[in-house]
Amino acid sequence: MQKAFAEIDLKALSHNLKIARQKTGNKNILAVVKANAYGHGAVEISKHLVKQGVSYLGTAFKSEAIELRESGINTSILVFFDRENIDEYFKYNLTPLVFDLSTARKLSKEAVRRKRRIAIHIKIDTGMGRLGFTIDKALTEIPKIACLKNIELEGLMSHFSDADLEDKGFMALQLKRFLSLKKEFQQKKFGFKYHHIANSAAVLSMKDAHLNMVRPGIMLYGYGLSKGDNLRPVLSLKSGILLLKKVPVGTPISYGRTFITKRKSIIATIPVGYADGYSRRISNNGEVIINGKKAPVVGRVCMDTIMADVTDIPGVNMDSGVILIGSQGRVKITAQDIAERAGTIPYEVLTSIGQRVTRVYK
Ligand SMILES: *Cc1c(COP(=O)(O)O)cnc(C)c1O
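The residue numbering used here restarts from 1 in each chain and proceeds along that chain's sequence as written. Local features in a predicted model are, by the rule used here, given only for residues with pLDDT of at least 70; side-chain atom pairs are given and counted only at 80 or more, and totals for whole chains, interfaces and linings are based on all residues. With hydrogens and water stripped out, all remaining heavy atoms of the structure feed into the side-chain values.

## Focus on the domain arrangement of the chain
What counts here: What fixes the domain bounds is an automatic or database domain assignment. The contact rule is simple, with two residues in contact once any of their heavy atoms fall within 4.5 Å. Buried area counts how much accessible surface, traced with a 1.4 Å probe, disappears from two parts once they are put together, with both parts' losses summed. When a carboxyl oxygen of Asp or Glu is within 4 Å of a side-chain nitrogen of Lys or Arg, the pair counts as a salt bridge. Side-chain atoms alone can form a polar contact between residues adjacent in sequence; in general such a contact is a pair of N or O atoms within 3.5 Å, and within protein one must be able to donate a hydrogen while the other accepts it.
Looking at the assigned domains, one finds that the chain contains domain 1 (10–223) and domain 2 (241–361). Opposite the 11 residues of domain 1 that make contact, domain 2 presents 10 residues. Where domain 1 abuts domain 2, roughly 930 Å² becomes buried across the two surfaces, and 72% of that area is made up of carbon and sulfur atoms. Broken down residue by residue, the surface that domain 1 buries against domain 2 is led by Y38, I218 and Y223, which jointly contribute 50%. Along the contact surface separating domain 1 from domain 2 lie zero salt bridges. At the boundary of domain 1 and domain 2, one finds three residue pairs in polar contact (both at pLDDT 80 or more).

Structure representation (structure tokens):
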């Protein structure tokens, strides 16, 4: 019996990076590896991306960036959401994303104390409504930051609020706001080296937003806007079978007895559950692949196990492998499929894959 493991296809990762490069005409890539590289394993994924020459990595918090530094990665890392213990930015040579004046001042003070400079990126709120200087504030506050000692304005960035892009109207407005600010600062001769606003959705479908750096996340892991994006899922979630049993008609399966067999059945118990990121919301609504065929998940998803009705799977035995996410022959289940059934998005499905799931790289 093999417990659940995630197989990470580094060739697929290279392929997806290549698509990002093709789409942008080789703009600088800031590869987003936050949340354990969307569940894929931040250290291995980052090392592979660095080998492929990405210019920058992006994490949400310093702790994630420090993990990468401690594994020997020296590439620049932009930290999106962290203004605690700013001395760590110096100690680990990380780039803070700054969205308020007081943090900029603290960084300047610490840089002066250490007799060195620190590169920062500044975030503009063009409509996301989360973090960043609004356009009005940017015009008054950023010149103040520019005057602070030992601060290097390396990047100016913003973030789109519409990730799926059905209607590009609001993205276009956000971009317009950002570009007008960029122009304003260029006229004032603030030398930002990088300007960036494009997430995966914009990399794939909004050329004007590519500027001189892009920040793809989800597309690197194989999920884009449509099939036409030609991306390849990087992660497969697999498992062995813990037990196969024949049960009579009328047998209740799992907590709450929400499924009762309507025929003589063969039920497989599979050692993966919601603690591994296999959402409880797909109770009685999931599917797994065994021997190239789909079998329904029956009963509630438990913390550590699920049950599948494998009565119709030819040749199933205790050595049969189970694919929860991935493909076998022409049969496939993607994180997108699971997300639809669970009422969420592939980002959540991937980042929920738990610590008990070993990542295997190939
Ligand atoms: C997560 C994140 C991204 C990547 O977004 P995707 O939709 O995964 O491409 C880019 N920029 C910032 C600031 C982020 O937080």
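On we go.
## Here we look at the packing of aromatic side chains
Stated formally: Note on aromatic contacts: the rings of Phe and Tyr and the six-membered ring of Trp form a pair at centre separations within 6.5 Å, being stacked when their planes are under 30 degrees apart, edge-to-face when over 60 apart, and tilted otherwise. Elements are defined by DSSP. Helices are runs of H or I of four residues or more, strands are runs of E of two residues or more, and each kind is numbered from the N terminus. Throughout, exposure labels follow a simple rule: accessible area from a 1.4 Å probe, protein chains only, divided by the maximum for the residue type, with under 20% read as buried, over 50% as exposed, and the rest as partly exposed. Charge over a ring is defined by NZ of Lys or CZ of Arg lying within 6 Å of the ring centre and within 35 degrees of the ring normal.
For the structure shown, the criterion picks out six aromatic pairs. Their ring planes at 25° and their centres at 4.7 Å tell us that Y38 and Y221 sit as a pair that is stacked. Residue Y38 is found in helix α2 (residues 34–39), and its partner Y221 is found in the loop between β9 (213–214) and β10 (235–239); the two are separated by 183 residues along the sequence. Just as Y38 is buried, Y221 falls in that class too. Ring geometry for Y38 against Y347: centres 6.0 Å apart, planes inclined by 35°, an arrangement best described as tilted. Here Y38, found in helix α2, pairs with Y347, found in helix α11 (residues 346–351); they are 309 residues apart in sequence, far enough to count as distant. An aromatic cluster is present here, built from Y38, Y221 and Y347 joined pairwise through their rings. Over the aromatic face of Y89 sits the side chain of K62, whose NZ or CZ is 5.5 Å from the ring centroid.

## Description of the pairing of strand β14 (residues 265–270)
Test applied: Whether two strands pair comes down to DSSP finding at least two bridges between them.
Within β14, five of the six residues are buried, which leaves the element mostly enclosed by the surrounding structure. Direction of pairing for strand β11 (residues 243–247) relative to β14: antiparallel, over a ladder of five bridges. Pairing of V247 across the sheet is with S265, part of β14. Across four bridges, the pairing between β14 and strand β17 (residues 306–309) is antiparallel. Opposite I270, over in β17, you have I306 as the bridge partner.

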